[in-house]
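Residue-level listing of the chains:
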Amino acid sequence: MSLLLGACAQPKPEIREVRIEVPVPTPEVLPADAAARQLLTHHERLLKLTPAELAQEVAPRDDGKLTPAAATQLALALTLHRSNGDLARAQALLDQVQRDPTLEAQAWLSLARLLQGRLAEQRRLEEQIDKLNQQARDSQRDNQRRLDQLNEKLEALKAIERSLNTRPAATKP
């Protein structure tokens, strides 16, 4: 019996740890993706600036010598600053990026188009606001003119009423 039981017992398997290195491919970051990340980071930084710091950020410089990245980032800062001429300057910078044939500019091209669309919409809205403000001023001026006319008529009616009250009462025979 012990022979049978000994034959049934299996030898303990030897367990060894084997490590295999599996290379993890690093995802390739496309230039357009890197540009988008860079612009988003720049936007977050701009939002934290005080008005004085933002004004310094958009201070006049030689815009013609900017890299596509710097031109796009400056255009974004100009859209947030909103001083006279900023939108036109931002538009010129974005046009510069779109006309640039370099490989670096290609990474910024879609972002420049996006910002140009935003600028066009912002300009359209500002023009609409100006138009509505002008209409409001015209309406206010018309209302004031009507009010003045009505006040003149009211004063004329008061004068007529006073003249009627000052006449001697007609005596009845």
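All values reported here derive from a predicted model rather than from experimental measurement.

(A) Just the overall build of the protein, in detail. Scanning the protein from N- to C-terminus turns up six helices and zero strands. Each helix and strand of the protein, ordered N terminal to C terminal, gives the series α-α-α-α-α-α. Counting contacts in the protein only where the partners sit at least 6 residues apart, residues at least 24 apart contribute 62% of the total. Split by element, the accessible area of the protein, about 13900 Å² in all, is 57% carbon and sulfur.

(B) Local environment of the nonpolar core. Residues Leu-39, Leu-74, Leu-78, Leu-93, Leu-94 and Trp-108 are the most contacted members of the largest nonpolar core, which totals 24 residues. Contributing elements (two or more residues each) for this core: helix H2 (31-47), helix H4 (68-81), helix H5 (86-99) and helix H6 (103-166). The element best represented in this core is H4, accounting for seven residues. Contacts of Leu-39, omitting those with residues within four sequence positions, involve Thr-72, Gln-73, Leu-76, Trp-108, Leu-111 and Leu-115.

(C) Layout of the pattern of salt bridges. According to the stated counting rule, one finds six salt bridges in the structure shown. Residue Glu-57 is joined to Arg-45 by a salt bridge in which the shortest nitrogen-to-oxygen separation is 2.8 Å. In this pair, Glu-57 sits in helix H3 (residues 51-57) while Arg-45 sits in helix H2, placing the two residues twelve residues apart along the sequence. Its relative accessible area of 22% is what places Glu-57 among the partly exposed residues. Residue class for Arg-45 comes out partly exposed when judged on its relative accessible area of 37%. Between Arg-141 and Asp-138 there is a salt bridge whose closest N-O contact spans 2.3 Å. Separated by three residues within a single helix, Arg-141 and Asp-138 lie in helix H6, roughly one turn from each other.

(D) Main features of H6. For H6, which comprises 64 residues, the first-to-last C-alpha distance of 94 Å matches the rise-based estimate of 94 Å (1.5 Å per residue) to within 8%. Those residues of H6 lying buried are Ala-105, Ala-107, Trp-108, Leu-109, Leu-111, Ala-112, Leu-115, Gln-116, Leu-119 and Gln-122. Of the surrounding secondary structure, the elements contacted by the buried residues of H6 are H2, H4 and H5.

(E) Here's a closer look at the side chain of Gln-116. Turning to its location among the elements, Gln-116 is positioned in helix H6. Within the local environment of Gln-116, its side chain forms a polar contact with the side chain of Asp-95, the two groups lying 2.4 Å apart. Residues in contact with Gln-116, not counting those within four places in the same chain, are Gln-91, Leu-94, Asp-95 and Gln-98.

(F) Fine view of a nonpolar patch on the surface. A contiguous nonpolar surface patch, about 360 Å² in accessible area, is contributed by Val-18, Ile-20 and Val-22. Position of Ile-20 among the secondary structure elements: in the loop between helix H1 (2-8) and H2.

(G) How the structure looks around the packing of H2 against H6. It is at 7 Å that the axes of H2 and H6 come closest, and there the two elements cross at 45°. Viewed along their axes, H2 and H6 adopt a mutual orientation that is oblique. Considering the relative orientation of H2 and H6, their crossing is right-handed. Facing H2, whose interface residues are Pro-31, Ala-32, Ala-35, Ala-36, Gln-38 and Leu-39, H6 presents Ala-107, Trp-108, Leu-111 and Leu-115. Residues belonging to the contact of H2 with H6 are distributed by class as follows: nine nonpolar, one polar and no charged.

(H) Examining the packing of H4 against H5 more closely. Axis separation between H4 and H5 bottoms out at 8 Å; the angle between their running directions is 160°. As summarised for this structure, H4 and H5 are arranged roughly antiparallel, according to the angle between their axes. Viewed along their axes, H4 and H5 form a crossing whose handedness is left-handed. Two secondary-structure elements touch here, H4 through Pro-68, Ala-71, Thr-72, Leu-74, Ala-75, Leu-78, Thr-79 and His-81 and H5 through Asp-86, Leu-87, Arg-89, Ala-90, Leu-93, Leu-94, Gln-96 and Val-97. For the contact of H4 with H5, the per-class residue count stands at ten nonpolar, four polar and two charged.

Parameters and conventions
- Residues numbered from 1 in each chain as written.
- Predicted model: local features only at pLDDT ≥ 70, side-chain atom pairs only at ≥ 80, totals over all residues.
- Heavy atoms only, no water.
- Helix = DSSP H or I, 4+ residues; strand = E, 2+ residues; numbered from the N terminus.
- Contact = heavy atoms within 4.5 Å.
- Areas by Shrake-Rupley, 256 points an atom, 1.4 Å probe, with all protein chains shown as cover.
- Core = buried A, V, L, I, M, F, W, Y, C linked by side-chain atoms within 4.5 Å.
- Buried < 20%, exposed > 50% of the residue type's maximum accessible area, 1.4 Å probe, protein only.
- Salt bridge = Lys/Arg side-chain N within 4 Å of Asp/Glu carboxyl O.
- Expected span 1.5 Å × (residues − 1).
- Polar contact = N/O pair within 3.5 Å; in protein donor to acceptor, adjacent residues only side chain to side chain.
- Patch = residues over 30% accessible without salt bridge, like charges linked within 9 Å, V, L, I, M, F, W, Y side chains within 5 Å.
- Axes fitted to C-alpha atoms, helices over the stretch in contact; angles between N-to-C directions.
- Parallel < 35°, antiparallel > 145°, perpendicular 65-115°, else oblique.
- Left-handed = near helix turned anticlockwise from the far one by under 90°.
- Nonpolar A, V, L, I, M, F, W, Y, C, P; charged D, E, K, R; others polar.

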